[in-house]
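Residue-level listing of the chains:
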Amino acid sequence: MVPLNHYLILSAVLFSIGAVGVFTRRNALIIYMCIELMLNAVNLTFIAFSKFLNNMDGHIFTFMVMTVAAAEAAVGLAIIISMFRNKETVNVDEINLMKG
Amino acid sequence: MEILIPTIKLATIYPEIIITTFAILVLLLQVFPTVIGKDYLGYTSLAGVILAAIITGQGGASGEGGEAIYSFSNMWVVDNYSRFFKLIFLLGTGLTILISIKYTKDEGINNGEYYSLLLFATAGMMLMAGGTDLIVIFLGLELMSISLYVLAGYVRKRLISNESALKYFLLGSFATGFLLYGIALLYGATGTTSLKGISGFISEASFGSPILIMGMLLLLIGFGFKIAAVPFHMWTPDVYEGAPSPITAFMSAGPKAAAFAAFLRVFIEALPSLQGIWVDIIWVLAALTMTIGNVIALVQDNVKRMLAYSSIAHAGYVLVAFVSTDKLGVASILYYMLAYTFMNIGAFAIVIIIGGKGEEKINLKDYTGLAYRYPLTAAAMCLFLLSLTGIPPTAGFMGKLYIFSAAIKSGYVGLATIAVLNSVISVYYYMKIILAMYMKEPESSVQHSPLVFTPAMIIALGLAVYGVLRMGIFPSAYISMAQQSYLSF
Amino acid sequence: MFYIIGGVAVLSALIMVTNKKPVSAAMSLIVVMFCLAGIYVILDAHLIAALQIIVYAGAIMVLFLFVIMLLNIQEKEGRVAKHKIFFQFTWILATGYVFINMVKLIGAGDLPARMEGNIDGFGTTRVVAEILFTDFLLPFEIASILLLAAIVGAVILAKAKIE
């Protein structure tokens with residue numbers, strides 16, 4: 001059987017790839033995909049711990065994270081669409097009406 | 001198959017049920033066209049807020065002696081601490097609704113969804129304050145955040161509002177990722193997500209499992225984003241500047257208090273045995289947050305942006321009290337958040353009045369000579385700014401006094417000194433507005449259209465002025481209330 | 001089996017982060033999600049594995065693809081602004097440093113002990129539903145409000161015209 005450590009390391013790798021993506025990409029859609037990747041990595045941690053702790057709470061948490069991710073995706077994409085209507089870009093570099 | 005249903009005390013969530021019901025009600029009401037326009041939507045939601053506040057104030061199903069009542073499999077608690085915070089949120093929402101009524105009409109966003117989302121955000125905040133399980137706190141936080149993402153971008157035709165929503169959304173969900181990872185690691189290290197369970201496990205097991213510490217640090221980052229502590233503050237100025245002014249007022253009072261409520265409860269209730277580690281980190285965060293917030297605020301000309309930086313600085317003061325972690329510290333945080341709600345929403349109410357239609361007049365030059373034209377408005381603004389600075393006899397002064405004395409009593413003299421120095425720095429930029437209002441003649445180049453005052457706005461201003469003065473001159477009732485709230489923690 | 005799926009997941013994640021085209025990025029993210037569903041099956045989380053495919057790959061990613069096609073984004077991402085390269089580089093280094101430490105910690109960490117007892121039918125729909133509707137009743141209700149708020153929000157922002 002694969003030890004718990006390996007699941008956790010896989011999850012940490014995916015989480016870090018997502019986090020690096022958020023900092024390096026300029027396209028709002030891809031940044032949001034990177035955030036989804038981070039949430040998925042967290043789900044993996046929950047499920048792995050759940051299995052090794054022999055405790056089902058982690059499954060419920062994952063269930064709720066999926067719900068939240070779906071809700072966030074709907075709202076986030078609506079925000080991107082409403083911005084695209086005003087200014088035809090999803091590039092966060094061009095969003096500089098306000099200084100960082 | 002036998003299923004054991006846990007005891008459900010519905011009465012413990014009456015205030016939340018009322019807020020949610022009114023949120024849905026407001027949504028449905030606007031379907032029916034009426035002859036009286038759409039103003040009633042705002043007043044309906046206000047009625048819901050007041051009703052919820054009355055029930056919260058009475059304690060709902062909580063014990064008479066203020067003892068905590070647990071329900072829903074120990075995931076939910078009604079205690080004085082959560083009730084105090086809920087009243088702060090409801091006050092913030094009530095004031096926000098009052099200052100929104102004219103604004104939404106001007107901007108053409110006067111529809112039920114606006115108030116509905118405000119109420120949903122409030123429900124989320126209340127769930128954060130009362131949750132004793134990380135899953136409830138997480139879902140409450142998300143309910144609040146998702147509603148706020150939409151509200152920040154609510155003025156759809158204004159690009160700056162869209163951008164504000166996008167920025168808030170991306171950084172907010174990024175922070176959620178960190179928060180969740182922290183929760184996952186805590187769950188893994190302790191096998192439970194209930195705050196009591198976590199603290200029980202840590203006190204039994206050996207101290208300092210690396211996964212546990214990692215989880216705590218990630219939680220700290222997640223909450224740091226939500227309260228806009230430096231270095232996780234970069235979203236704040238842009239989001240606050242771009243969002244519609246009433247929403248900015250709301251965001252800087254309610255949700256920030258909610259994040260603090262959850263932050264405090266998680267760290268003091270679940271992780272007291274790791275205190276040695278997190279106190280040092282929060283010490284640094286507090287010092288950085290105050291200093292950077294105040295220094296950058298010095299150079300701002302846009303009043304809304306200046307208030308955004310000032311709200312970062314104020315989060316820093318609250319963190320100072322957090323460091324002391326004892327009863328006095330928590331009580332001073334409660335007191336300060338209440339005072340901050342009054343003075344900050346008051347200041348934003350004036351910003352909205354002066355901003356006028358389309359929020360065009362939000363720069364410092366639009367405030368010049370205000371005292372000559374509208375002496376009462378200028379006096380109110382002056383009071384709010386003095387309170388934000390921390391000058392007696394205002395609520396802000398007493399709040400800061402309590403925070404600094406809490407820090408000194410716990411032996412953090414260095415941090416208290418930094419806080420006092422920061423207060424001195426902040427005098428400069430608050431005074432800049434006051435000087436512009438009182439000392440300068442109105443600039444002839446600036447077109448002055450008459451300001452419009454509506455009854456709702458006047459009530460909101462009156463309440464805020466009353467709150468600031470009352471809490472500044474007779475603070476003892478409030479501080480004893482805040483201290484009782486800690487007893488049942 | 002785990003190592004193959006895990007390897008594919010990491011590889012697709014890297015493709016997603018480095019790919020210029022949003023559509024390809026979305027496709028590789030779908031691959032990552034399928035891989036994770038496979039890992040959930042290995043971990044006996046059958047319901048979650050099914051939900052992973054239905055909700056994430058089926059609903060969320062389809063929504064992404066819809067938006068990408070709706071907006072018909074032109075490829076003009078281009079180079080990162082010069083003054084930002086240093087900033088980004090710092091971030092990547094910081095993330096990498098934190099990550100290496102994390103792996104060290106997790107590798108060396110004393111992992112939690114397995115809990116007593118044996119759950120009958122671990123990870124099946126019946127058991128998940130049983131605790132979802134008893135102990136986790138309050139979170140379930142909050143989730144329903146959250147979805148309602150999200151629907152209202154999404155409609156109000158994306159609607160063509162508000163009267």
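Since we're looking at a predicted model, the values are computed, not measured.

Enquirer: Sorry, what's going on with the overall build of chain A here?
Expert: The secondary structure content of chain A amounts to three helices and zero strands. Ordered by position from N to C terminus, the α and β elements of chain A give α-α-α. Classification of the 100 residues of chain A by burial places 72% in the buried group. Here the contacts in chain A between residues at least 6 apart in sequence split such that 49% fall between residues at least 24 apart.

Enquirer: Before we go on, may I ask you to explain the overall build of chain C in this structure?
Expert: Each helix and strand counted, chain C has six helices and zero strands in total. Mapped from its N terminus to its C terminus, chain C presents α and β elements in the order α-α-α-α-α-α. Taking all 163 residues of chain C together, the buried fraction comes to 33%.

Enquirer: Looking at this structure, how should I read the nonpolar core?
Expert: It is characteristic of soluble globular proteins that their nonpolar side chains tend to be buried jointly. Within the largest apolar cluster, 290 residues are counted, with the highest numbers of intra-cluster contacts made by Met33 and Leu37 of chain A, Leu143 and Ala349 of chain B together with Leu146 of chain C. Of the residues forming this core, the biggest block, 22 residues, is contributed by helix α13 (residues 327-355) of chain B. Ignoring anything within four residues of it in the chain, the contact list for Met33 of chain A reads Met16, Ala25, Ala26, Leu29 and Phe64 of chain C.

Enquirer: What exactly am I supposed to notice about the interface of chain C and chain A here?
Expert: Often, the extent of an interface is quoted as the loss of accessible area upon association of its parts. Contact with chain C, which involves 64 residues of that partner, is made by 59 residues of chain A. Tallied by class, residues from the side of chain C that touches chain A come to 55 nonpolar, six polar and three charged.

Enquirer: Please clarify how the packing of helix α2 (residues 28-53) of chain A against helix α2 (residues 22-42) of chain C should be interpreted in this entry.
Expert: In contact at an axis separation of 11 Å, α2 of chain A and α2 of chain C are set at 5° when each is read in the N-to-C sense. Classified by the angle their axes make, α2 of chain A and α2 of chain C are roughly parallel. Taking contact as the criterion, the partners of Leu29, Ile30, Met33, Glu36, Leu37, Asn40, Leu44 and Ile47 of chain A in α2 of chain A are, on α2 of chain C, Pro22, Ala25, Ala26, Leu29, Val32, Met33, Leu36, Ile39 and Tyr40 of chain C. Here the residues of the contact of α2 of chain A with α2 of chain C sort into 15 nonpolar, one polar and one charged.

Enquirer: Please clarify how the interface of chain B and chain C should be interpreted in this entry.
Expert: At the interface, 36 residues of chain B touch 25 residues of chain C. Of all elements in the fold, only α1 (14-29), α4 (112-130), α5 (134-152), α6 (159-190) and α8 (210-227) of chain B reach the threshold of two or more residues within the side of chain B that touches chain C. Tallying contributions element by element places α5 of chain B first for the side of chain B that touches chain C, with nine residues. Class assignment for the residues of the side of chain B that touches chain C results in 23 nonpolar, 10 polar and three charged.

Enquirer: What is the right way to look at helix α18 (residues 455-473) of chain B in this model?
Expert: Every α-helical turn comprises 3.6 residues, leaving residues that sit three or four positions apart pointing alike. Residues and elements named next belong to chain B. Taking 1.5 Å per residue, 19 residues should reach 27 Å; α18 reaches 27 Å between its end C-alpha atoms and fits that length. Every buried residue of α18 is listed here: Met457, Ala460, Leu461, Ala464, Gly467, Val468, Met471 and Gly472. Across the axial projection of α18, the buried residues extend over an arc of 125°, all falling on one side. Among the exposed residues of α18, those oriented more than 90 degrees off its buried face are Pro455, Tyr466 and Ile473.

Enquirer: Would you take a moment to explain the environment of Asp133 of chain B for this structure?
Expert: All names here are of chain B. Structurally, Asp133 is set in the loop between α4 and α5. For the pair Asp133 and Gly197, spaced 64 residues apart in sequence, the C-alpha separation works out to 9.1 Å. With residues up to four places along the chain from it excluded, the contact list for Asp133 reads Met75, Thr193, Ser194 and Leu195.

Enquirer: How should I be thinking about the confidence of the model for chain C in this particular structure?
Expert: Any region with low pLDDT has predicted coordinates that should not be read closely. Residue and element names in this part refer to chain C. With 77% of its residues at a pLDDT of 70 or more, chain C shows a mean pLDDT of 80. Put simply, helix α4 (residues 82-108) is where chain C has its lowest mean pLDDT, 68, and helix α6 (residues 137-158) is where it has its highest, 91. Both scores are available for the predicted complex, with the pTM at 0.92 and the ipTM at 0.92.

Enquirer: Would you explain the confidence of the model for chain A in this entry?
Expert: Residue and element names in this part refer to chain A. For chain A, mean pLDDT is 83; residues scoring 70 or higher make up 87% of the total. The spread of mean pLDDT over the elements of chain A runs between helix α1 (residues 4-24), the lowest at 85, and helix α3 (residues 57-86), the highest at 90. Counted against residues more than four places away or in other chains, residues 96-100, with its pLDDT under 50, gives nine contacts.

Enquirer: Explain the environment of Val20 of chain A here, please?
Expert: Residue position: Val20 of chain A is located in helix α1. Residue classification places Val20 of chain A among the buried positions, given that 20 C-beta atoms sit within 10 Å. Each C-alpha atom of the pair Val20 of chain A and Leu37 of chain A lies 11 Å from the other, and the pair is 17 residues apart in sequence. Here Val20 of chain A is in contact with Val17, Ile92 and Thr95 of chain C, once residues within four sequence places are set aside.

Enquirer: What should I look at first to understand unusual backbone geometry in this one?
Expert: Trans is the common state for peptide bonds, and a negative phi is the common state for residues other than glycine. Residues and elements named next belong to chain B. Here the bond from Val230 into Pro231 is cis, since omega is 10°, no more than 30 degrees from zero. With respect to the helices, strands and loops of the structure, Pro231 is situated in the loop between α8 and α9 (236-242). Cis rather than trans, the peptide bond between Pro392 and Pro393 has omega equal to 5°. Structurally, Pro393 can be placed in the loop between α15 (375-389) and α16 (395-409). Positive phi is not limited to glycine here, since Phe72 has a value of about 50°. Here Phe72 shows up in the loop between β1 (69-71) and β2 (76-78).

Enquirer: Hey, could you run me through the packing of helix α10 (residues 245-270) of chain B against helix α12 (residues 303-324) of chain B in this one?
Expert: When two helices pack together, their arrangement is given by the angle between the helix axes and the distance between those axes. Residues and elements named next belong to chain B. Contact geometry for α10 and α12: axes closest at 12 Å, N-to-C directions at 15°. Between α10 and α12, the interaxial angle falls into the category roughly parallel. The element α10 and its partner α12 pack so that their crossing is right-handed. Facing α10, whose interface residues are Ser245, Thr248, Ser252, Lys256, Phe260 and Leu264, α12 presents Lys304, Ser311, Ala315, Val318 and Phe322. Across the contact of α10 with α12, the residue classes break down as five nonpolar, four polar and two charged.

Enquirer: Just to check I follow, could you spell out the environment of Ser426 of chain B for this structure?
Expert: Residues and elements named next belong to chain B. By the secondary structure assignment, Ser426 is in helix α17 (residues 413-439). Taking the C-alpha atoms as reference points, Ser426 and Thr291, separated by 135 residues in sequence, lie 9.6 Å from one another. Beyond its immediate chain neighbours, meaning those up to four positions away, Ser426 contacts Asn294, Ser310, Ala313 and Thr389.

Conventions we followed
- Residues numbered from 1 in each chain as written.
- Chains lettered and ligands numbered in written order.
- Predicted model: local features only at pLDDT ≥ 70, side-chain atom pairs only at ≥ 80, totals over all residues.
- Helix = DSSP H or I, 4+ residues; strand = E, 2+ residues; numbered from the N terminus.
- Buried ≥ 20, exposed ≤ 12 C-beta atoms within 10 Å, placed from the backbone.
- Contact = placed C-beta atoms within 7 Å.
- Core = buried A, V, L, I, M, F, W, Y, C linked by C-beta atoms within 7 Å.
- Nonpolar A, V, L, I, M, F, W, Y, C, P; charged D, E, K, R; others polar.
- Axes fitted to C-alpha atoms, helices over the stretch in contact; angles between N-to-C directions.
- Parallel < 35°, antiparallel > 145°, perpendicular 65-115°, else oblique.
- Expected span 1.5 Å × (residues − 1).
- Arc of directions from axis to C-beta.
- pLDDT = per-residue confidence, 0-100.
- Left-handed = near helix turned anticlockwise from the far one by under 90°.

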